[in-house]
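Letter by letter, the chains look like this.
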Amino acid sequence: MYDDEGNEYLDFLAGAGTLNYGHNHPAFKTLLLDYINSDGITHGLDMHTKAKREFLEAFNEKILKPRELSYVVQFTGPTGSNAVEAALKLARNVTGRENIIAFTNGFHGVSLGSLAATGNSHHRGAAGVSLNGTSRMPFDGYLGEDVDTTAYLDKVLSDSSSGIDLPAAVIVETVQGEGGINAASFEWLRNLEAVCKKHEVLLIVDDIQAGCGRTGTYFSFEEAGIKPDIVTMSKSLGGYGLPFAVVLFSPEIDQWKPGEHNGTFRGNNFAFVTAKAAIDHFWSDNHFSQEIKRKGEYIAMRLNAIVEKNGEGNFTTRGRGMFQGINCVDGELAGKITRRAFQNGLIIETSGADDQVIKFLCPLIISDVNLKKGIDIVEEAISYVCAKEEAMPEENDYFDDVHIDSE
Ligand code: PMP
């Protein structure tokens, strides 16, 4: 990316997981421009169009069928939050129960229903009303590495006096993005699925940020070997950064009445075109997935080395695939590091309750050279900030030597 003055930046934020295929992928751009030039339908409410049919065919043939998934595809409003709203409503209507189990540090959106499932107090505080209908459970690792928190969930669901109402569904991110790149283990996910099955509770995987290849497979839950009843997707689904969201669910629970969850912008035809292009281009075979895993291993190797060099304990690594982070424990410290990185040409964000985790979310298509360059910039930034902190722990203005136009 280039700023107004022509300075060059690498983008390791990538639209918070929306630009897995990079900015303005040339192959998708050509197809989108062709579609516009041929006067393809731009807006069609939720009606059928050729672009929609072609997206659905590609999604079914290249994504669902090879993974033996036979989901119904529901087009919701184009935000992730709206897909989550639809998923929660569906689960509640199908089961006739209200409660939804959500996890500590989970992020599912900021509209009222999805916000009730989101943990972050900053976002919850803006609701202005009480957020109802959810119960909070500890995510994997929340109570320490050795505690399997699904056993606790099983216990409270088995005990009619636990005070936790039998839920309609459990909603989970396999890797919590906004919550600080907390990756659930495959075993924990399998146990979670088993607890859901045992208590006849629906399992919703929110794959809005972790999906579309981020963890190394198209769906983030594939390697765990689980099959959620409901999956929410958005962000990189549209391929080109265009707004687009869907809910996928088992045909048996398709109990929507026509138009119950409606919305004007449920059919973004431009996004159908680029979403199909992304599937055709990257997901027709296993090559892309292998590439993500290879780059993910490189990222893990580099981040572990950085943490080792700077003192384990102050810093730790987390995540999987190309969804990894460095936990700086201290949000202020993480902020200084990302600020230094920005000065050196890297756009990179933090996440977690205190913004303490530096979040490496570069496009999956990044070249090896740029991947190395971006990580080198973070490595330098950590050394720079640590050295400054040691030399002048009370000083906060050691950035003044470099001009940043924060306006
Ligand atoms: N779920 C997850 C896992 C997300 O990461 C996000 C966005 N950060 C959302 C839901 C909400 O998506 P949107 O911002 O498009 O409403």
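This write-up is about the structure you can find in this document. For every chain, the first residue of the written sequence is number 1, and numbering continues from 1 along that sequence. Per-residue local features are limited, in this predicted model, to residues with pLDDT of at least 70; the limit for side-chain atom pairs, both in listing and counting, is 80 or more; totals at the level of whole chains, interfaces and linings are taken over all residues. Note: side-chain values were computed over all heavy atoms of the structure, leaving out hydrogens and water.

As for the overall build of the protein
Moving on, step 1. In terms of regular secondary structure, the protein is built from 12 helices and 15 strands.
Moving on, step 2. A radius of gyration in this sense is built from C-alpha atoms; the matching globule rule multiplies 2.2 Å by the number of residues raised to 0.38. Relative to a compact globule of 407 residues, whose C-alpha radius of gyration would be 22 Å, the protein shows 22 Å and is just as compact.
Moving on, step 3. The principal-axis extents of the C-alpha atoms in the protein amount to approximately 65 × 65 × 40 Å.
Moving on, step 4. Burial statistics for the protein: of 407 residues in total, 52% are counted as buried.
Moving on, step 5. By the convention used here, residues are in contact when the closest approach between their heavy atoms is within 4.5 Å. Nonlocal contacts in the protein, meaning residues at least 24 apart in sequence, comprise 75% of its contacts between residues at least 6 apart.
Moving on, step 6. Per-residue and other accessible areas follow the Shrake-Rupley method at a 1.4 Å probe size, with only the shown protein chains counted as cover for residues. Summing over all exposed atoms, the protein offers an accessible surface of approximately 18,300 Å²; the carbon and sulfur share of this is 49%. Segments assigned H or I by DSSP are reported as helices when at least four residues long, segments assigned E as strands when at least two residues long, and all are numbered from the N terminus. Throughout, exposure labels follow a simple rule: accessible area from a 1.4 Å probe, protein chains only, divided by the maximum for the residue type, with under 20% read as buried, over 50% as exposed, and the rest as partly exposed.

As for the site of the ligand
Moving on, step 1. In this text, near means that some heavy atom of the residue lies within 4 Å of the molecule or strand in question. Inspection of the region around the ligand gives Thr-79, Gly-80, Ser-81, Phe-107, His-108, Gly-109, Glu-173, Glu-178, Asp-206, Ile-208, Gln-209 and Lys-235 as its neighbouring residues.
Moving on, step 2. Between the ligand and the protein, one listed contact pairs an oxygen atom with a backbone N or O atom of Gly-80 at 2.8 Å.
Moving on, step 3. In the analysis that follows, any N or O atom pair within 3.5 Å is treated as a polar contact, provided that within protein one partner can donate a hydrogen and the other can accept it, and provided that, for residues neighboring in sequence, both atoms belong to side chains. Residue Gln-209 places a side-chain N or O atom 2.7 Å away from an oxygen atom belonging to the ligand.
Moving on, step 4. When the free accessible area of the ligand is taken as 390 Å², the share hidden by the protein chains comes to 82%.

Re helix H3 (residues 50–64)
Moving on, step 1. When the terminal C-alpha atoms of H3 are compared, their 20 Å separation across 15 residues agrees well with the 21 Å that a helix rising 1.5 Å per residue should span.
Moving on, step 2. Turning to H3, its buried residues are Ala-51, Lys-52, Phe-55, Ala-58, Phe-59, Ile-63 and Leu-64. Around the axis of H3, the buried residues are gathered within 150 degrees of arc, so they sit on the same side.
Moving on, step 3. Buried residues in H3 make contact with helix H2 (26–37), strand S2 (72–75), strand S9 (230–233), strand S10 (246–249) and helix H9 (269–282). By this rule, a helix spans an expected 1.5 Å times one less than how many residues it contains. The arc under discussion is defined with respect to the helix axis, by the directions toward the C-beta atoms.

Let's talk about helix H4 (residues 80–95)
Side chains that are three or four residues apart share a direction in an α-helix, a result of its 3.6 residues per turn.
Moving on, step 1. Its 16 residues place the ends of H4 23 Å apart at the C-alpha level, agreeing with the 22 Å of an ideal helix rising 1.5 Å per residue.
Moving on, step 2. Taken together, the buried positions of H4 are Gly-80, Ser-81, Ala-83, Val-84, Glu-85, Ala-86, Ala-87, Leu-88, Leu-90 and Ala-91.
Moving on, step 3. Positive phi appears at Gly-96, one or two residues downstream of H4, with a value of about 70 degrees.

Details of the packing of aromatic side chains
Moving on, step 1. Only rings of Phe, Tyr and Trp enter the pairing, Trp through its six-membered ring, and a pair is recorded when the two centres are within 6.5 Å. The plane angle decides the type: under 30 degrees is stacked, over 60 is edge-to-face, the rest tilted. The full count for this structure, using the stated rule, is 23 aromatic pairs.
Moving on, step 2. Where Phe-75 meets Phe-272, the ring centres are 5.3 Å apart and the plane angle is 70 degrees; that geometry is what we call edge-to-face. Of this pair, Phe-75 sits in strand S2 while Phe-272 sits in helix H9, and the two are 197 residues apart along the sequence.
Moving on, step 3. Classification of Phe-75 as buried rests on a relative accessible area of 9%.
Moving on, step 4. By relative accessible area, Phe-272 is classed as buried at 1%.
Moving on, step 5. On the numbers, 6.1 Å between centres and 70 degrees between planes, the contact of Phe-103 with Phe-139 is edge-to-face. Placement of the pair is Phe-103 in strand S3 (residues 100–103) and Phe-139 in the loop between strand S4 (134–137) and helix H7 (149–158), with a sequence separation of 36 residues.

A word on the sheet that holds S9
Moving on, step 1. Strands are labelled as partners when DSSP assigns at least two bridges between them. With mixed pairing, 7 strands are arranged side by side in an open sheet as S2-S10-S9-S8-S5-S3-S4. Looking along the sheet, the strands with just one partner apiece sit at the ends: S2 and S4. Recorded for the sheet is a direction-independent mean angle of 25 degrees between the axes of neighbouring strands.
Moving on, step 2. Both strand S8 (residues 202–206) and S9 contribute to a ladder of 3 bridges, which runs parallel. Bridged to Asp-206 within S9 is Thr-232.
Moving on, step 3. Sitting on the sheet, H3 touches S2, S9 and S10, and the angle it makes with S2 is about 140 degrees. Here, axes are lines fitted to C-alpha atoms. For helices the fit covers the stretch in contact, and angles between N-to-C directions go from 0 to 180 degrees.

A look at the pattern of salt bridges
Moving on, step 1. Every case where a carboxyl oxygen of Asp or Glu lies within 4 Å of a side-chain nitrogen of Lys or Arg is listed as a salt bridge. What the rule picks out here adds up to 21 salt bridges.
Moving on, step 2. Note that Asp-280 is salt-bridged to Lys-276, the shortest N-O span being 2.7 Å. Of this pair, Asp-280 and Lys-276 both sit in helix H9, 4 residues apart, which is roughly one turn of the helix.
Moving on, step 3. Residue classification places Lys-276 among the partly exposed positions, given a relative accessible area of 24%.
Moving on, step 4. Members of the salt-bridge network, linked through shared partners, are Arg-302, Lys-309, Lys-372, Asp-376 and Glu-379.

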